[in-house]
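Read off the chains here:
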Amino acid sequence: MAETKQQLTFASYKSQTPPDWCPGCGDFGVLNSLQTACAALEIDPSQLMVVSGIGCSSNLPGFIRAYGFHSLHGRSVPVASGIKLANHDMNVVITGGDGDGYGIGLGHFVHAMRRNLNVTYIVMNNEIYGLTTGQASPTTMKSTKTKSTPYGSIESQLNPEALALVSGASFVARGFSGEPAHLAETMKKAIQHKGFSLVDVMSPCVTYNKLNTYSWFRERVYKLESENHDSSNFETALKKSFEWDLRIPLGVFYQTERPTYEEEEGALEFGPLVKQKLGLSDEDWKALIKETL
């Protein structure tokens, strides 16, 4: 039975399966912040779907009390898209890592943003491939030595915020696992937003990334709202997205309102597909079943 809003608390989203990430992993803070945001928004767990791909961070659906789907590597966005279009009444949250979302899944990421699907994508960006024990990822800083780049990475670092902005995301933000209260508030805004929301989270890998540590980020991060950032200004947001290394901004870079894919799709005019009648008579239905079986 669905819980009433009065009953929903942080504990309402605690899974019976405890997280098994490495002690100190930034993903613990992401999970905690997501549960806090859902409790603040009083989202019934039966109306929450969390979809992931492959990687350490992609285990998150198993650690939160909600519907969950642990999909293939880089395929969390298309799976979430199908779920959202089948039942657009659901709150759909995608969780994963930088390798999963910004590497093999990058094409899906871009197209979901330009379509402005009403989903929230939380990327735990640790700038390394953690599950496969420490190879360079798309967001690894140039010259960084990793298991796959022992002499330093020669590749340029991918910029998720800038890519999201130019690809059409209507909500672009960054959080940090070391600032859980601020991260929870950012997630809350992202989930409330109507349209594609990206929350790129600096989530340190304490096992394989010895450069981008909690202390490294704490020396550099600052909150955009503390400097009166105008999140409605696209040009300003794009400029802020290129700040890195010496100063790293946290918070909402950009937010705008435009029609979502679901609002413009005629097939969804009469409500979620899963709730629509097929319009087939018993005879037609039996004939269809006979033909396909």
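> How do you make sense of the nonpolar core when you look at a structure like this?
One broad trend across soluble globular proteins is that nonpolar side chains are buried collectively. Within the largest apolar cluster, 28 residues are counted, with the highest numbers of intra-cluster contacts made by Tyr13, Val30, Leu34, Leu48, Leu60, Ile64 and Ile122. Mapped onto this core, the elements with two or more residues apiece are α1 (27–41), β1 (48–52), β4 (120–125), β5 (171–176), α6 (180–192) and β6 (197–202). With residues near it in sequence (within four places) discarded, leucine 48 still touches Tyr13, Cys38, Ile43, Ile64, Ala66, Tyr67, Met90, Asn91 and Val93. Formed by 27 residues, the second largest nonpolar core is a distinct cluster that contains Val51, Met90, Ala112 and Leu198.

> How do you make sense of the packing of aromatic side chains when you look at a structure like this?
For any two aromatic rings, the description comes down to two numbers: the centre-to-centre distance and the angle of the planes. Summed over the entire model, instances satisfying the criterion amount to 11 aromatic pairs. When the ring of tyrosine 102 is compared with that of phenylalanine 109, the centres are 5.5 Å apart and the planes differ by 55 degrees; the resulting orientation is tilted. The exposure class of tyrosine 102 is buried, given its relative accessible area of 2%. Look at phenylalanine 234 and tyrosine 254: their rings are 5.5 Å apart centre to centre, the planes differ by 85 degrees, and that puts the pair in the edge-to-face class. Of this pair, phenylalanine 234 sits in helix α8 (residues 234–241) while tyrosine 254 sits in strand β8 (residues 248–255), placing them 20 residues apart in sequence. Among the aromatic residues, ring-to-ring pairing joins Phe176, Tyr214, Trp216, Phe217 and Trp244 into one connected group. Between arginine 247 and the ring centre of tyrosine 222, over which it is positioned, the NZ or CZ distance is 3.8 Å.

> What should I look at first to understand the pairing of β1 in this one?
A regular strand places its side chains so that they alternate between the two faces of the sheet. For β1, the tally of buried residues reaches 5 of 5 residues, placing the bulk of the element in the interior. Residues of β1 alternate between two faces, with Leu48, Val50 and Ser52 on one and Met49 and Val51 on the opposite face, all of them buried. One ladder, built from 5 bridges, connects β1 with strand β3 (residues 91–97); its direction is parallel. Its bridge partner being in β3, valine 51 is matched across the sheet by isoleucine 94. Strand direction decides the pairing type here: β1 and strand β2 (residues 67–70), joined by 4 bridges, are parallel. Of the residues in β2, the one forming a bridge with methionine 49 is tyrosine 67.

Basis of the calculations
- Position numbers for residues start from 1 in each chain and track the written sequence from start to end.
- With the structure being a predicted model, the display of local features is reserved for residues of pLDDT at least 70 and the display and counting of side-chain atom pairs for 80 or more, all residues being used for whole-chain, interface and lining totals.
- Water and hydrogen atoms were dropped before computing side-chain values, which therefore reflect all heavy atoms in the structure.
- By nonpolar core is meant a set of buried Ala, Val, Leu, Ile, Met, Phe, Trp, Tyr and Cys residues that side-chain atoms within 4.5 Å join together.
- In this scheme, a residue with accessible area under 20% of its type's maximum is buried, one over 50% is exposed, and one in between is partly exposed, where area comes from a 1.4 Å probe on protein chains only.
- Strands are runs of DSSP state E lasting at least two residues, helices are runs of H or I lasting at least four, and both sets are numbered from the N terminus onward.
- Contacts are residue-level and defined by heavy atoms, with any inter-residue pair within 4.5 Å sufficient.
- A pair of Phe, Tyr and Trp rings is counted when the ring centres sit within 6.5 Å of each other, with Trp represented by its six-membered ring. The angle between the planes then sorts it: under 30 degrees is stacked, over 60 is edge-to-face, the rest tilted.
- Remark: a charge is flagged as sitting over a ring if the NZ atom of Lys or the CZ atom of Arg is within 6 Å of the ring centre and within 35 degrees of the ring normal.
- When DSSP finds two or more bridges between a pair of strands, those strands are recorded as paired.

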